[in-house]
Amino acid sequence: MGAPHLFDVREDLASQGPFAISGSDPDMARALVDVLNGEGASAGLLDAMGAGARTVILTEGLSGLPVTERHWQVLDQCRIHHQRDARIVLLQPAEADDFGRLSGLAGLSRTLRQEWPRQRIATWSLPAAAPVEEKAALILRALAAGLQDADLTVDGASVQQIAGAPRLTNSTPSTGNVWFAPGGARGVTSACVMELARRQPGSVFVLAGRSGIAPWPAGIEVTTDMKHLRGALIAAARASGQKPSLPDIDREARTLLAGQEIRATLDAITASGAQAVYLQADMSDRNSIVSAVDAITQQYGPITGLVHGAGVLADGLALKKTREDLAHVFGPKVEGLAMLLDVLDPSRLRHVGLFSSASAVFGNTGQSDYAMANAWLGAVARKLAADLPDAIVKSFCWGPWAGGMVDSSLAGHFAARGISLIGLEDGARIFAEQILQGDRSEVELLIGDEWAG
């Protein structure tokens, strides 16, 4: 973490104005207008100031809007004021009593600084319990200091830093856990879950995903090769007198391969001596989550281990993002986890592993929504770690995986730091070690290949 001296450098406030403050948090907006005008700077509410502001302060992140809508409103406002060439400051709470009130706006500002390199954009986290006048004074000091992303406190300002090889403790891992792993049946998450199961042979692993396990069609050789499977499906359709549609063939092939991957994961968990279960569930639908948690607790007992690997992408530049894009990304990763933590009993959790991304730490061009969602996971992990001092809680900010969906931009961030792709076995080992025996004080981990071997 950084130090309070970040407030020491001062810029002329008047030269940064006029200031326009959005009114989504009315109390904060009025306090800021008053304190800025009291310092001799020109300030007013955004609706009244029009397009003439040089600095825009957005309070949407402090509002009571639902989590997805709140983040969308901030992104949309950023796009409006980008076109007006104003400096943009995003405000968010540093902590909250409710998971849905937490925020991931730092992921947005880090991404927008890449997409709009000539524009100044910052996210400042404010102490939630502080009086509004105290928060306004902190913002005044941060403006005077010209801060970028920072946590503002009465003792100064700090910059969140996630670095260094994560530590392990000598503690004995808990046994006999009931693990719930949304998104854990496929992809790199499945590799991590399989390694975890190898170290937890007496535990139950309940995996969940939107995909069903489709039965393999008779007469077609089992394969994992997409091209070969498509050809076999086309040949089978023609042999039965059908005229196959290529889009339908592609969908069937993807469904079959997804089922094969799920079966392989379940078989590997069973072979390790653990119990494997698969539930088809939509982690963006509350009823589906309630049904899944009820089924697990009734049959196996309370969930004591959580691996949240659900997530989807909707890549595109911020200026072209739609509300639907953001909702698509936030659905399973943000809304799903918030609902899941509301449905299960968090006090029974011994181990929590959240699959985040380096985009939360660096931002990533084309992934403003994904970076926000993953930064929100970090806030969730910090809250869970504070609420559950006896549990091991980790948010894994993964770099690019070898064999995974490697993004060239994120790979470039790591390459500049001498970190190349994460091997599948190394990543799975790091995950299992950290979620079972990681140092409880290290909650957010930036993982790259420098910790392999």
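Residues numbered from 1 in each chain as written. Predicted model: local features only at pLDDT ≥ 70, side-chain atom pairs only at ≥ 80, totals over all residues. Heavy atoms only, no water.

**Side note on the overall build of the protein**
Reasoning step 1: If you tally the helices and strands in the protein, you get 15 helices and 14 strands.
Reasoning step 2: Relative to the globule expectation of 22 Å for 453 residues, the C-alpha radius of gyration of the protein, 24 Å, shows essentially globular dimensions.
Reasoning step 3: Its C-alpha atoms give the protein principal-axis dimensions of about 80 × 55 × 45 Å.
Reasoning step 4: For the protein, the share of sequence-separated contacts (at least 6 apart) that also reach a separation of at least 24 residues comes to 78%.
Reasoning step 5: If you sum the accessible surface of the protein, you get close to 19,100 Å²; carbon and sulfur atoms cover 50% of it. (Helix = DSSP H or I, 4+ residues; strand = E, 2+ residues; numbered from the N terminus. Rg over C-alpha atoms; globule rule 2.2 N^0.38 Å. Contact = heavy atoms within 4.5 Å. Areas by Shrake-Rupley, 256 points an atom, 1.4 Å probe, with all protein chains shown as cover.)

**Remarks on the packing of aromatic side chains**
Reasoning step 1: Summed over all chains, the structure comprises 7 aromatic pairs.
Reasoning step 2: In this structure an aromatic cluster arises from ring pairing among F355, F396, W398, W401 and F431.
Reasoning step 3: The positively charged end of K383 is found above the aromatic ring belonging to F99, 5.2 Å away from the centroid. (Phe/Tyr/Trp six-rings, centres within 6.5 Å; stacked < 30°, edge-to-face > 60°. Lys NZ or Arg CZ within 6 Å of the ring centre and 35° of its normal.)

**Looking at the environment of G212**
Reasoning step 1: Positionally, G212 belongs in the loop between β9 (204-209) and α8 (226-239).
Reasoning step 2: A sequence separation of 44 residues divides G212 from L256, and the C-alpha atoms of the two residues are 9.1 Å apart.
Reasoning step 3: Apart from residues lying up to four places away in sequence, G212 is in contact with G259, I262 and Q280.

**Remarks on the pairing of β9**
Every regular strand shows the same layout, with side chains that alternate between the two sheet faces.
Reasoning step 1: Counted residue by residue, β9 has 6 buried out of 6 residues, so it is predominantly covered.
Reasoning step 2: Every second residue of β9 is oriented toward a common face, with V204, V206 and A208 on one face and F205, L207 and G209 on the other, all of them buried.
Reasoning step 3: In the sheet, strand β8 (residues 178-182) pairs with β9 via 5 bridges, with the strands oriented parallel. Directly across from F180, in β9, lies its bridge partner V206.
Reasoning step 4: The handedness of the β8 to β9 crossover, carried by helix α7 (residues 187-199), is right-handed.
Reasoning step 5: Sheet analysis places β9 next to strand β10 (residues 275-280), joined by 6 bridges and oriented parallel. Note that in β10 the partner of L207 across the bridge is Y278. (Buried < 20%, exposed > 50% of the residue type's maximum accessible area, 1.4 Å probe, protein only. Pairing = 2+ DSSP bridges. Right-handed = clockwise from strand over helix to strand, strands pointing away.)

**Some thoughts on the state of the cysteines**
Reasoning step 1: Summed over all chains, the structure comprises 0 disulfides.
Reasoning step 2: Distance from the sulfur of C397, which forms no disulfide, to the nearest cysteine sulfur (C192) is 14 Å.
Reasoning step 3: In this structure C397 comes out as buried when scored by relative accessible area, which is 1%. (Disulfide = S-S within 2.5 Å.)

**Section: the confidence of the model for the protein**
Reasoning step 1: Taken residue by residue, the protein gives an average pLDDT of 91. The fraction at 70 or more is 92%.
Reasoning step 2: With pLDDT under 50 throughout, residues 1-5 is counted as low confidence; its partners more than four residues away or in other chains account for 12 contacts. (pLDDT = per-residue confidence, 0-100.)

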